[in-house]
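# Commentary on secondary and tertiary structure
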Amino acid sequence: MVPFALEGLKKNITKISASRLQDENTTFLTSDNGLDKEKQPNAGDSLTNKKLRDIFHRIMSETIDSNSKMNTIKWIGIFRDCFNEQLLPFLYGIYLGKIDIHDQFKPACTKLFGQLPCLYDISGEITSSKLHQWGIWSKPYSEYVCQEFSNCERSNKRFDSIFTNEKTLDYFYKPGRHVFFRGSGVCNIASDLSTMKTDADEFGNAQAVTEKFRGIGILEQLESNDELCVVSTKCNDFKSTKQIKIPKTMLWEQNNPTWLKCANNKFCLEDGIKANYESSLMKARLIELMFLLEGCKNQEEMVHKVELMMNMTCLYEGLDRSRYCRCEDPAKLSTYGTGHCHGLTSVFTSLLYPFQHLLGIYMRYTGGFHAKCDKVDDMEISNCIENHQWLELTFYPSFKLNIVDLVQAVSDKKFICHHTLDAYSDPRNILYGNGKLIIDSYV
């Protein structure tokens, strides 16, 4: 079998070691003579061999401490050394059986990954202080923590329950931010098409709400004791503006983060993908992600780092049968997978999902309509038919809106983290999110 970490990676796991990995020989350790016997590797190969042998001996010689905190710190330290030495692609390949190597090595990988802590707790979420205590971050990054949310009363509650509390209005819906709503005359390039006209000229026809298209406006007024809020939006001429009143329930429905359904401690995504945050490989991948995110200057950079770590190709580029495709484990898919918009979006979601409060990056799993066109007048856009999936992001506390469209990012990297208003108003690249809840998610 050709070592997957060397020859098979078309998009390396960390992308930092891509050139080095591809320059080394395809066989870097013998499978018949154990740890101490090498073939005739080149200089770079020999160095990698030595690092791998040393780390495997270290792992197998370490004991599991009864003190859980000290044990956690010790194994994270070993894992960080592997990260710093750029050995993780090799360890993942050995763990997944993608590298033909001596059987003695896989137990070492299993032992290391199994001793790492789970970074997601169904009753809460990870904090920067805990990351610091464990040695994952060198210091508490308080500037990246949503302190306002942390001050809310949510002890012994699922961390998504905060968005069902009236206090959320004070934090997440401040006047001046952009919000989505359903109504006529919406501020979207697609709203100017005859196929998107609705019966009501103004919001208020309750029977037609579900058929109304989704638009975007600026939140002008929000009273905690009122059932309505005021949104300012552009008219169809894209020049004049008008104010409309919408129910708060619509505000929550169209702008709250979407939370994933949990069944048997697995979080359900598209195409049968289920995220198990207690699995050994997922624990390793999330800690690697936290290593990458340390020191990021802004949330856009964080989003790019998540995409950077995903070792997935797009099926529209061609099928690589050596990669995981029909697989329900996002940890495996993120390590060496391939997928279309459903798979790519689901895997990205699974990696970022546990850290939304920590990073202030809130996600809506979005389905809708996408098409490229030369003549806008010829385009028919459906509010019901979904032909594409992506993510809508809200950055807190700036309330900047961005999308993550990993299919379009294959040809244009700006779609890794693209401003929502720009993405939704391009007349030649129609992208319309219908705002409907899918994959059994809820707000």
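So, a few notes on the structure that sits alongside this text.

About the criteria used
Residues numbered from 1 in each chain as written. Predicted model: local features only at pLDDT ≥ 70, side-chain atom pairs only at ≥ 80, totals over all residues. Heavy atoms only, no water. Pairing = 2+ DSSP bridges. Helix = DSSP H or I, 4+ residues; strand = E, 2+ residues; numbered from the N terminus. Salt bridge = Lys/Arg side-chain N within 4 Å of Asp/Glu carboxyl O. Buried < 20%, exposed > 50% of the residue type's maximum accessible area, 1.4 Å probe, protein only.

### Comments concerning the pairing of strand E4 (residues 214–222)
Relative to E4, strand E3 (residues 178–182) runs antiparallel, the two being bridged by 5 bridges. If you follow Arg-182 over to E4, its bridge partner there is Arg-214. Relative to strand E5 (residues 228–234), E4 runs antiparallel, the two sharing 4 bridges. The partner of Leu-222 across the bridge, within E5, is Cys-229.

### Topic: the pattern of salt bridges
Evaluated as defined, the whole model comprises 14 salt bridges. As a salt-bridge pair, Glu-328 and Lys-266 come within 3.7 Å of each other at their nearest N and O atoms. With Glu-328 in the loop between strand E10 (312–314) and helix H13 (330–336) and Lys-266 in strand E8 (residues 266–268), the pair connects residues that are 62 residues apart, well separated along the chain. Accessibility expressed as a relative area gives 28% for Lys-266, which makes it partly exposed. Between Lys-414 and Asp-412 there is a salt bridge, with its nearest N and O atoms 3.8 Å apart. Judged by its relative accessible area of 40%, Lys-414 falls in the partly exposed class. Linked through salt bridges whose partners overlap, the residues forming this network are Glu-62, Asp-65 and Lys-74.

### Brief notes about the sheet that holds strand E9 (residues 274–275)
On the basis of which strands lie adjacent, the open sheet formed by 3 strands has the order E7-E8-E9 and antiparallel pairing. In this open sheet, the two strands that pair with only one neighbour each are strand E7 (262–263) and E9.

### As for the pairing of strand E13 (residues 388–395)
Taking burial as the measure, the 8 residues of E13 include 8 buried ones, the bulk of the element. The side-chain alternation of E13 yields two buried faces, one formed by His-388, Trp-390, Glu-392 and Thr-394 and the other by Gln-389, Leu-391, Leu-393 and Phe-395. Relative to E13, strand E12 (residues 361–372) is paired through 8 bridges, and the arrangement is antiparallel. Directly across from Arg-364, in E13, lies its bridge partner Glu-392. Across 4 bridges, the pairing between E13 and strand E14 (residues 401–404) is antiparallel.

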